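# Architecture and fold: a report
Residues per chain, in single letters:
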Amino acid sequence: MHGADPRRPFRPVYDPQTGHGPTRDPRPGEVALQDMNLDPFARLTLDLCRWHFQTFASPESHGWLVALRCATAHVGPDAAGALCYDLLGVVQTLRASRTTPIAFNAEGCPCCRDWLTPAERQIMQMIDALRHNQQGRARTLAQLLCDGTPDSHLLAVAETYLRHHAPDYAQTAAFSPV
């Protein structure tokens, strides 16, 4: 299965050994987090995605534990496990659907977390499109995220995550993998 090589699922954009300062300029293609106008659910989704990406990029970081603590702080201990599990399904499906690594900014880096890489931006836009029942836009973004290959499975898993956890997700029609 392409994309499933554990040595290259995600590529962190920063080097933790360099010790970034409190701010930095954007790298090519990055957008400021504040310009995305993410609501609290979307911001939590981004945080958790980044911690899961970190887990694959650097397993010894145990980013999944930080993700679980973060989720617990936001949704409580009863819902945190399911939230992380469902989002990990999105991350794993994305990982299996790509032939290239995902560049991400580490949530634990105070200056990097304020920027979204192009892939992070596309993930958040895909989630937003699904939340607003914009299936065509969601399909296009999923195809970009999957290196040009249409992947309805990614959309179906993302939709399951939203159906279980997004507070305002009112699905008017089931995702159609046409």
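Anyway, here's the lowdown on the structure attached to this text. (Residues numbered from 1 in each chain as written. Predicted model: local features only at pLDDT ≥ 70, side-chain atom pairs only at ≥ 80, totals over all residues. Heavy atoms only, no water.)

Turning our eyes to something else, we now look at the overall build of the chain. Secondary structure assignment for the chain yields six helices and four strands. Shown N-terminal to C-terminal, the secondary structure of the chain runs as helices and strands in the order β-β-α-α-α-β-β-α-α-α. Residues counted as buried form 46% of the 178 residues belonging to the chain. Once local pairs closer than 6 in sequence are excluded, the contacts in the chain between residues at least 24 apart make up 69%. By element, 56% of the accessible surface of the chain is carried by carbon and sulfur atoms, the whole surface being about 8,800 Å². (Helix = DSSP H or I, 4+ residues; strand = E, 2+ residues; numbered from the N terminus. Buried < 20%, exposed > 50% of the residue type's maximum accessible area, 1.4 Å probe, protein only. Contact = heavy atoms within 4.5 Å. Areas by Shrake-Rupley, 256 points an atom, 1.4 Å probe, with all protein chains shown as cover.)

The next subject is the nonpolar core. Counting 43 residues, the largest nonpolar core has L48, M126 and L162 as its most contacted members. Among the secondary structure elements, those contributing two or more residues to this core are α1 (40–57), α2 (63–75), α3 (77–97), β3 (102–104), α4 (118–131), α5 (135–145) and α6 (152–165). The contact partners of M126, leaving out residues within four places of it in the chain, are A138, L141, A142, L145, L154, L155 and A158. (Core = buried A, V, L, I, M, F, W, Y, C linked by side-chain atoms within 4.5 Å.)

Attention shifts here to unusual backbone geometry. Located in the positive-phi region is N37, a residue other than glycine, with phi close to 50 degrees. When you line up the elements, N37 lands in the loop between β2 (31–32) and α1. Taking relative accessible area as the criterion, N37 reaches 67% and is therefore assigned exposed.

Note that E30 resides in the loop between β1 (10–12) and β2. Judged by its relative accessible area of 10%, E30 is buried. Within the structure, the side chain of E30 is placed 2.8 Å from the backbone nitrogen of R27, a separation counted as a polar contact. (Polar contact = N/O pair within 3.5 Å; in protein donor to acceptor, adjacent residues only side chain to side chain.)

Right, let's get into the packing of aromatic side chains. Applying the stated criterion to the full structure yields two aromatic pairs. Both rings, one in F41 and one in Y161, keep their centres 5.6 Å apart while their planes meet at 25 degrees; by these two values the pair is stacked. Of this pair, F41 sits in helix α1 while Y161 sits in helix α6; the two residues are 120 residues apart in sequence, bridging distant segments of the chain. Grouping residues by exposure puts F41 and Y161 together as buried. Between the aromatic rings of F53 and F104, the centroid separation amounts to 5.5 Å while the plane-to-plane angle is 55 degrees, which identifies the pairing as tilted. On the criterion of sequence distance, the pair formed by F53 in helix α1 and F104 in strand β3 is long-range, its members being 51 residues apart. In terms of burial, F53 and F104 fall into one category: buried. (Phe/Tyr/Trp six-rings, centres within 6.5 Å; stacked < 30°, edge-to-face > 60°.)

Per the stated rule, a full pass over the model turns up 10 salt bridges. Between E30 and R27 there is a salt bridge whose closest N-O contact spans 4.0 Å. (Salt bridge = Lys/Arg side-chain N within 4 Å of Asp/Glu carboxyl O.)

The subject of this paragraph is α5. Three or more residues of α5 are buried, namely Q135, A138, L141, A142 and L145. Seen end-on, α5 carries its buried residues on one side only, within an arc spanning 125 degrees. Two residues or fewer past α5, D147 is found with a positive phi of approximately 55 degrees. (Arc of directions from axis to C-beta.)

An ideal rise of 1.5 Å per residue puts 30 Å on 21 residues; α3 measures up with 31 Å between its terminal C-alpha atoms. The complete set of buried residues in α3 reads A80, L83, C84, D86, L87, V90, V91, T93, L94, R95 and S97. (Expected span 1.5 Å × (residues − 1).)

Where nonpolar side chains cluster on the molecular surface, the patch consists of W64, L65 and L68 and spans about 250 Å² of accessible area. Looking at the element boundaries, L65 is found in helix α2. Overall, L65 belongs to the partly exposed group, its relative accessible area being 33%. (Patch = residues over 30% accessible without salt bridge, like charges linked within 9 Å, V, L, I, M, F, W, Y side chains within 5 Å.)

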